[in-house]
There are 2 protein chains.
Amino acid sequence: MDDRLDHLRQALRDSDVGALLVGPSADLRYLVGYHALPLERLTMLVVPAAGEPLLVVPELEAPRAVDSGASQRVALAPWAETDDPIALVSGHLAASGVTGERLAVQDRLWSVFTLGLQAALPDASFVAGSEVMRRLRMIKTPEEVRALREVATAIDAVHAQVPSLLRAGRTEAEVGRDIAELILVDHDEINFIIVASGPNGASPHHETGERVLAPGDAVVVDIGGTRAGYCSDMTRNYVIGELPYGYEALHRVLEHAQDTAVRAVRPGVTAASIDAAAREVITDAGYGERFVHRTGHGIGIEEHEEPYIVAGNEELLAPGMAFSVEPGIYVPDRYGARIEDIVVVTDDGVEPLNLRPHEVVVCG
Amino acid sequence: MDDRLDHLRQALRDSDVGALLVGPSADLRYLVGYHALPLERLTMLVVPAAGEPLLVVPELEAPRAVDSGASQRVALAPWAETDDPIALVSGHLAASGVTGERLAVQDRLWSVFTLGLQAALPDASFVAGSEVMRRLRMIKTPEEVRALREVATAIDAVHAQVPSLLRAGRTEAEVGRDIAELILVDHDEINFIIVASGPNGASPHHETGERVLAPGDAVVVDIGGTRAGYCSDMTRNYVIGELPYGYEALHRVLEHAQDTAVRAVRPGVTAASIDAAAREVITDAGYGERFVHRTGHGIGIEEHEEPYIVAGNEELLAPGMAFSVEPGIYVPDRYGARIEDIVVVTDDGVEPLNLRPHEVVVCG
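Residues numbered from 1 in each chain as written. Chains lettered and ligands numbered in written order. Predicted model: local features only at pLDDT ≥ 70, side-chain atom pairs only at ≥ 80, totals over all residues. Heavy atoms only, no water.

**Q** Looking at this model, I keep getting lost on helix α11 (residues 271-284) of chain A. Mind explaining?
**A** Each α-helix winds once per 3.6 residues, and so residues spaced three or four apart point in a common direction. Residues and elements named next belong to chain A. In a regular helix each residue adds 1.5 Å, so 14 residues correspond to 20 Å; α11 covers 20 Å between its end C-alpha atoms and thus fits that length. Within α11, the full set of buried residues consists of Ala 271, Ala 272, Ile 274, Asp 275, Ala 277, Ala 278, Val 281 and Ile 282. Looking at the buried side of α11, the elements it contacts are α10 (247-264), β12 (305-309) and β14 (328-331). The first or second residue beyond α11 is Gly 286, which carries a positive phi of 95°. (Helix = DSSP H or I, 4+ residues; strand = E, 2+ residues; numbered from the N terminus. Expected span 1.5 Å × (residues − 1). Buried < 20%, exposed > 50% of the residue type's maximum accessible area, 1.4 Å probe, protein only. Contact = heavy atoms within 4.5 Å.)

Set out below in structure tokens:
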């Protein structure tokens, strides 16, 4: 972790940005290993392009910041309840010689803090922190790829057991609770559990609910967790008893589309081209209107991060990028299906991290 | 819920703000009942001071927005993966006659979206959404007070069972898992569980960990959850076997401070005066330096919201305000203690919602 701040300072100089200001976020964890609570009291890592970084923390959070090890990487500036933390931040910027320059604020910093910074630093202009952080976060080191491979193996093992949980008469929520236990066997945290049965499968972000599984239901199971700081995310499709009308052909198209997109992944092609590869197969089969979302998203210490695999994203894929390839087809009021694996761009192609078969599994 | 948008529009006009822009947040739940996922795809409720509100949602989230009932309250504007959602927002503002005015962005909106809005609307100035939302959220209706009373009763019932969980040899984490089950008996969600034993109690936001409870430990138990959309938050102090040296006197001071602060609550006094009431008792007893945080925070659909009970906050208390009163005393490397109840300001005084005794309970 210790060279990350150096890489960031280099990125700041390359981008002509005077400093990056980071609130509680994955970027803060990435840079100094501190998992701060996103609360109304300002926590902010100030990283000047030249000069020392400073972690501004509420006094009562200071012990947590110390426990995280962050205080071994950067100086801590605790503030008391009646102090003005924005003044602490702008004071450190001034002391570091940063005034009236371009300043980057972490993308997810609460707007109320950015508005406060803008008022305190009227001569500065503000840009999104991802402008400097995206490249650092997007290209995974070999250690990070290893962590993603391990968490992918963990979620593969959960999907291997899903068929034993699915039978007519159970609710989505009951199945979800069993999946939760299975995820925790080899993950530290559950990030999300989607069990979308029958017509619920037609909503890509359906919330697992009280619907009772019935024979002839297709069931989309999309699950993910965190293990050693890195995320899994994997979708497979199951059917209760018998395949509903039209579903087998649809699923075969989806398998072909997902496989085609994965095979298109290699360094030097655009993110958009992977989306196009999946979309072309689905459109040619007549389901184009039913594929209502992008083909994938980057993954790492967050479930969704760059690069996004979407039309219009001309980002060139490069070794070390990790993302989902997850085309879906959604038929309102009937069913949906989505196949999702995480893949990593290698020096000359692609390594899929999820290794379970893609075929629909008939259960119950 | 249906009059909340009307009240907001009135507040916008009173504050000379052209529109409020609300991303996924408690404010969005409060205004239209939609619990949106805070994702990189923009979800935004646009509420012009005059004109129709519009809920901009990613196309694939649209079914969830419909399910929430929000689409019965406001028109939905779904956007496809290759659309520009910021253009949708600024287009609706222009159509509503809002240009070049003061615009409010919800406090917790991701900065990347506010920066995008600032670029798209160069003639507008931006202010924090709490400027218009705070009053609406801060004054609870009788229905909201009822919900807070019910969830307070639910967490009272959990604390009643905590003594049976605390004994030497168990870890904080084991106790925390048992508390989790108890919270879920009469809450829908767990919000946080702090079990801070011995020296860990000296960190107000300690994370429940693997420390093993031992005789002579003081244990701070601070827990909260959500029931029917409203939050509980309650702290009591327990001791394993025997009171550690000096703890009894400290706890007696704390009881007196908490009681004094609660008795000071009534309409027309400042939030700061409640903080001062608690602090004076603790300072007079010689522990002033050990009370390192504010006395309390508002509570409602969020665990922490306005009004904050802190020095410098000259907000006048008014009937319907609900907040915690939670002084604490922290002795590094030895122990800490905090007593916390939620109270509501009534027409002529105060109603405490948590009713368990404040005395330290000797367990094990």
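Next, the rest of the story.
**Q** Is there a simple way to explain the relation of the copies chain A and chain B in this structure?
**A** Comparison of the two chain copies shows a relationship of rotation about an axis with a shift along it. Overlaying chain A on chain B yields an RMSD of 0.0 Å, the required transformation being a rotation through 180° with an accompanying axial translation of 0.0 Å. Taken together, the rotation angle and the small translation identify this as a two-fold axis. A shared interface surface links the copies, since 100% of the contact residues of chain A are contact residues in chain B too. (Least-squares fit on C-alpha atoms with pLDDT ≥ 70 in both.)

**Q** Looking at this model, I keep getting lost on empty space enclosed by the protein. Mind explaining?
**A** Over the atoms rolls a probe the size of a water molecule, and in doing so it shows where empty space is left. Residue and element names in this part refer to chain A. The tally for this structure, following the rule as stated, stands at one cavity of 30 Å³ or more. Volume-wise, the largest cavity comes out at about 40 Å³. Around the largest cavity, the lining residues are Leu 148, Val 151, Ala 152, Ile 155, Cys 231, Ser 232, Asp 233, Ile 342, Leu 353 and Asn 354. The biggest single contributor to the lining of the largest cavity is helix α8 (residues 142-161), with four residues. Grouping the amino acids of the lining of the largest cavity by side-chain chemistry returns seven nonpolar, two polar and one charged. (1 Å grid on protein atoms, 1.4 Å probe; cavity = no way out; pocket = protein on both sides within 12 Å on 5 of 7 lines; lining within 4 Å. Points joined across faces, edges and corners; volume = space filled by probe spheres on them. Nonpolar A, V, L, I, M, F, W, Y, C, P; charged D, E, K, R; others polar.)

**Q** Where do I start with the side chain of A:Glu315 in this structure?
**A** All names here are of chain A. In this structure, Glu 315 sits in the loop between β12 and β13 (322-325). Side-chain polar atoms of Glu 315 contact the side chain of Arg 135, separated by 2.9 Å. Setting aside residues no more than four positions away along its own chain, Glu 315 makes contact with Arg 134, Arg 135, Met 138, Val 269, Thr 270, Ala 271 and Met 321. (Polar contact = N/O pair within 3.5 Å; in protein donor to acceptor, adjacent residues only side chain to side chain.)

**Q** Help me out: how do you make sense of unusual backbone geometry in this one?
**A** Residues and elements named next belong to chain A. Cis rather than trans, the peptide bond between Glu 306 and Pro 307 has omega equal to 0°. On the secondary structure map, Pro 307 appears in strand β12. Of note in the backbone geometry, Ala 228 takes a positive phi value of approximately 50° without being a glycine. Counting through the fold element by element, Ala 228 comes out in the loop between β8 (218-227) and β9 (230-231).

**Q** Got a minute to help me understand the interface of chain A and chain B in this structure?
**A** When the parts come together, some accessible area is lost, and that loss is often what is quoted as the size of the interface. Taken together, the contact between chain A and chain B spans 36 residues of the former and 36 residues of the latter. Taken together, both faces of the contact between chain A and chain B bury some 3100 Å²; the carbon and sulfur share is 57%. There are four salt bridges connecting chain A and chain B. The closest approach of N and O atoms between A:Glu207 and B:Arg64, which form a salt bridge, is 2.6 Å. Viewed at the interface, chain B and chain A are joined by 19 residue pairs in polar contact (both at pLDDT 80 or more). Secondary-structure elements contributing two or more residues to the side of chain A that touches chain B are α3 (62-67), α6 (111-120) and β6 (125-128) of chain A. Among the elements that take part in the side of chain A that touches chain B, α6(A) stands out by supplying five residues, more than any other. For the side of chain A that touches chain B, a count of residues per class yields 17 nonpolar, nine polar and ten charged. (Buried area = accessible area lost by both parts, 1.4 Å probe. Salt bridge = Lys/Arg side-chain N within 4 Å of Asp/Glu carboxyl O.)

**Q** Would you mind showing me how to read the packing of aromatic side chains here?
**A** One pair of aromatic rings is described through two measures. These are the centre distance and the angle between the planes. Residues and elements named next belong to chain A. With the rule as written, the count across this model stands at four aromatic pairs over all chains. Directly above the aromatic system of Tyr 30 lies the positively charged group of Arg 4, at a separation of 4.0 Å from the ring centroid. The cationic tip of Arg 279 hangs over the ring face of Phe 291; the distance from NZ or CZ to the ring centre is 3.9 Å. (Phe/Tyr/Trp six-rings, centres within 6.5 Å; stacked < 30°, edge-to-face > 60°. Lys NZ or Arg CZ within 6 Å of the ring centre and 35° of its normal.)

**Q** Got a minute to help me understand the sheet that holds strand β2 (residues 44-48) of chain B in this structure?
**A** Residues and elements named next belong to chain B. Strand order in the open sheet made by the six strands is β4-β3-β2-β1-β5-β6, with mixed pairing throughout. The open sheet terminates on both sides in strands that have one partner only, identified here as β4 (75-79) and β6 (125-128). Averaged over all pairs of adjacent strands, the angle between their axes in this sheet comes to 25°, without regard to strand direction. Relative to β2, strand β1 (residues 19-22) is paired through four bridges, and the arrangement is antiparallel. Looking across to β2, one finds that Leu 20 is bridged to Val 47. Seen against the sheet, helix α5 (residues 85-95) touches β1, β2, β3 (54-58), β4 and β5 (102-105) and runs at an angle of roughly 15° to β2. (Pairing = 2+ DSSP bridges. Axes fitted to C-alpha atoms, helices over the stretch in contact; angles between N-to-C directions.)

**Q** How do you make sense of the packing of helix α8 (residues 142-161) of chain B against helix α9 (residues 172-186) of chain B when you look at a structure like this?
**A** Each pair of packed helices can be described by the angle between their axes along with the distance between the axes. All names here are of chain B. Two numbers describe how α8 lies on α9: the axes approach to 9 Å, and their chain directions differ by 150°. When the interaxial angle is binned, α8 and α9 end up roughly antiparallel. Like other packed secondary-structure pairs, α8 and α9 cross with a definite hand, here right-handed. Together, Ala 154, Ile 155, Val 158 and Gln 161 of α8 and Ile 179, Leu 182, Ile 183 and Asp 186 of α9 make up the contact between the two elements. Residues of the contact of α8 with α9, tallied by class, amount to six nonpolar, one polar and one charged. (Parallel < 35°, antiparallel > 145°, perpendicular 65-115°, else oblique. Left-handed = near helix turned anticlockwise from the far one by under 90°.)

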